[in-house]
Amino acid sequence: MSNARSCPINHDFNPLGDAYVADPYPIHSAVREETPAFYAPAIDMWVITRFDDVQSALMDPKAFSAAVGQRPVFPLSDEAQSIIKAGFHAYPVMSDCDPPRHTRIRRHNQKGFSARRISVLEPKVWAKATELVDAIAPGVVDLVSALTYPLPAYMIFTFIGFPDEDMDMLKSWCGNRIAFSWGRPTADEQRDIATNMVNYWSYVEEFVAKRAAEPVDDFTSDLIRIHQQDPRSLSIPDITNVAYGLSFAGHETTTSFTGNAVRRLLANRSQWDDLCADRSLIPQAVEEVLRFDSSIPAWRRITTRAVTVGGVEIPAEAKVLLLLGAANRDPKHFEEPETFDIHRGDVRKHLAFGQGIHYCIGAALARMEARIALDLLAQRAPRMRMVEEQDFDFPANVSFRGPRKLLVHWPE
Ligand code: HEM
């Protein structure tokens, strides 16, 4: 006889609500303590709250399909749907794709994300970050627009191979993309975002066709070479989808993450001072921010069959929200989990990059960019202070978190 009980319902849990958007972590802790899983009518999703259960779901792609990863949480307007239908032809290749297609495409991508290609990128990250930091003038500065937004965008676009002169246009097309699939944009916003997605998609199609005609030394050309050796194992549309998906995944995530890192470190001044005095602490500080305040505190799945999570029954075809952020503060796994501490010993076992077959393919790149940004800030502006009277503005959505602006006093 099964011990499973039917799912508790939490009518208050709403990731788009003001309190959650401002600070989801007290809510994460409360729901984690209360129950391992519950149904949230506000988003029509079942929510999983504890480390062990989140980890089990990540490690069980047969029962927890990734297919909903990029789907709009709320229904789109007819106008947005018809714009998308007419000009946006993306299909699942990685984050929202299940085996066997996921296995085939991920294997090829893994080659593109080789240690060699990442290490080739490292001096470029240093050079770009140095150029951006050098351009900062003393006074009050928004570190998001000055550094944490342009750096990851530039790096992922360079990695893929998009030309420098197209950066501003590409960045403008990415604006508000998060709201489309993870938030609740107005009908007008949906129309604008859908139009940008179509423009972006056409751009990537043309770009991949150009690389297919003339490969060079970049990630896209690596994939083209794989295609040329065995067209059936990786098609041109597969490559277009990968380039499109990566250009987004590799950009917003790291911008938000680096913003969270600077904010948490400056708010815990003695730890910022420790880090400036001993920059070998930076990799550990990056891990602690991933645990404590990652840019993806929640990610989605859909059940393929009925499952039991911590004794709670979740039906088949249930949309599920995995609270990575709550898992990363689960007292069963982390000592004093609500304390931000770059000196803690148990930090690397967090789930901020997921686990299992969908483990973040850009983790090494994201870590490297954040490490280099912090290193430069610690060298150039150890006396930098956060502007105290500022209201942080976070985008309202179910998965992504990072400040839109981060004002600091940049010293003389
Ligand atoms: C700090 C920054 C980042 C965070 C917190 C983050 C987090 C995540 C998470 C939670 C997943 C989902 C894992 C799952 O579904 O089980 C993921 C997947 C993914 N990430 Fe990241 N990510 C970051 C940066 C990046 C970067 C820089 C790139 C690209 C260069 C990237 C590309 C991807 C891709 C393609 C996937 C899907 C992988 C697959 O399904 O096989 N991410 N990431």
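Structure first, text after, so check above.
Just so you know, these numbers come straight off a predicted model, no measurement behind them.

Engineer: Could you give me a rundown of the coordination of the iron atom of the ligand, with the residues and numbers involved?
Structural biologist: Octahedral six-donor coordination of a metal ideally yields angles of 90 or 180 degrees, compared with 109.5 degrees for tetrahedral four-donor coordination. Exactly one donor from the protein chain reaches the iron atom of the ligand: Cys 360 (SG), at 2.3 Å. With respect to the element layout, Cys 360 can be found in the loop between helix H17 (324–327) and helix H18 (363–380).

Engineer: So what's going on with the nonpolar core? Which residues, and what values?
Structural biologist: For soluble globular proteins, nonpolar side chains are generally found buried alongside one another. Leu 143, Phe 162, Tyr 200, Trp 272, Met 384 and Trp 410 are the most contacted members of the largest nonpolar core, which has 91 residues in total. Sort the elements by how many residues they give to this core and H18 lands first, with eleven residues. Other than its neighbours up to four places away in sequence, Trp 272 contacts Leu 265, Leu 266, Leu 374, Leu 377, Ala 378, Ala 381, Pro 382 and Met 384. In terms of nonpolar packing, the next biggest core, distinct from the first, is built from 44 residues, Val 47, Ile 178, Val 307 and Ala 326 among them.

Engineer: Now, about the site of the ligand: what can you tell me, with residues and values included?
Structural biologist: In the region of the ligand, 29 residues are neighbours, and His 102, Arg 106, Arg 301, His 358 and Cys 360 sit closest. With respect to the ligand, the backbone of Met 94 contributes an N or O atom lying 3.1 Å from an oxygen atom. Of all elements in the fold, only helix H5 (101–112), helix H13 (236–249), helix H14 (252–267), strand E5 (299–303) and H18 reach the threshold of two or more residues within the shell around the ligand. Tallied by class, residues from the shell around the ligand come to 17 nonpolar, ten polar and two charged.

Engineer: Got a sec to walk through helix H8 (residues 150–160)? Specific residues and values, please.
Structural biologist: Of all eleven residues in H8, ten are buried, a share of seventy percent or more. Of all the residues in H8, the buried ones are Pro 150, Leu 151, Pro 152, Ala 153, Met 155, Ile 156, Phe 157, Thr 158, Phe 159 and Ile 160. Gly 161, located one to two residues past H8, shows a positive phi value of around 120°.

Engineer: Go over the sheet that holds strand E10 (residues 407–410), please, and point to the residues and values.
Structural biologist: Pairing in this open sheet of three strands is antiparallel, and the strands run E4-E10-E9 from one edge to the other. Each of the sheet's edge strands pairs with one partner strand only, and the pair in question is strand E4 (139–142) and strand E9 (385–386).

Engineer: Residues and numbers for the state of the cysteines, please.
Structural biologist: This model, assessed by the stated rule, comprises zero disulfides. Not part of a disulfide, Cys 174 finds its nearest cysteine sulfur in Cys 360, a span of 17 Å.

Engineer: Which residues make up the packing of aromatic side chains, and what values go with them?
Structural biologist: Counted under the stated rule, the structure contains 23 aromatic pairs. Ring centres of Trp 173 and Tyr 203 lie 6.1 Å apart, and the angle between their planes is 70°; this geometry places the pair in the edge-to-face category. Here Trp 173, found in helix H9 (residues 167–174), pairs with Tyr 203, found in helix H11 (residues 187–213); they are 30 residues apart in sequence, far enough to count as distant. Given a relative accessible area of 16%, Trp 173 falls into the buried group. Cluster of aromatic residues (ring-pair linked, three or more members): Phe 88, Phe 157, Phe 162, Trp 173, Tyr 200, Trp 201, Tyr 203, Phe 207 and Tyr 244. If you follow Arg 291 out to its NZ or CZ, it ends over the ring of Phe 334, 5.4 Å from the centre. Directly above the aromatic system of Tyr 25 lies the positively charged group of Arg 329, at a separation of 3.9 Å from the ring centroid.

Engineer: Break down the pattern of salt bridges for me, with residues and values.
Structural biologist: One side chain can pair with another of opposite charge once the charged atoms of both are near each other. The final tally for this structure, using the stated rule, is 22 salt bridges. The closest approach of N and O atoms between Arg 291 and Glu 288, which form a salt bridge, is 2.8 Å. Of this pair, Arg 291 and Glu 288 both sit in helix H16 (residues 282–293), three residues apart, roughly one helical turn. Pair check on accessibility: Arg 291 and Glu 288 agree, each one buried. Between Glu 338 and Arg 329 there is a salt bridge, with its nearest N and O atoms 2.7 Å apart. Each member of the salt-bridge network shares a partner with another, and the members are Arg 32, Arg 329 and Glu 338.

What counts, and where the lines are drawn
- Residues numbered from 1 in each chain as written.
- Predicted model: local features only at pLDDT ≥ 70, side-chain atom pairs only at ≥ 80, totals over all residues.
- Heavy atoms only, no water.
- Donors = N, O, S within 2.8 Å, 3.2 Å for Na, K, Ca; no water.
- Helix = DSSP H or I, 4+ residues; strand = E, 2+ residues; numbered from the N terminus.
- Core = buried A, V, L, I, M, F, W, Y, C linked by side-chain atoms within 4.5 Å.
- Buried < 20%, exposed > 50% of the residue type's maximum accessible area, 1.4 Å probe, protein only.
- Contact = heavy atoms within 4.5 Å.
- Near = heavy atom within 4 Å.
- Polar contact = N/O pair within 3.5 Å; in protein donor to acceptor, adjacent residues only side chain to side chain.
- Nonpolar A, V, L, I, M, F, W, Y, C, P; charged D, E, K, R; others polar.
- Pairing = 2+ DSSP bridges.
- Disulfide = S-S within 2.5 Å.
- Phe/Tyr/Trp six-rings, centres within 6.5 Å; stacked < 30°, edge-to-face > 60°.
- Lys NZ or Arg CZ within 6 Å of the ring centre and 35° of its normal.
- Salt bridge = Lys/Arg side-chain N within 4 Å of Asp/Glu carboxyl O.

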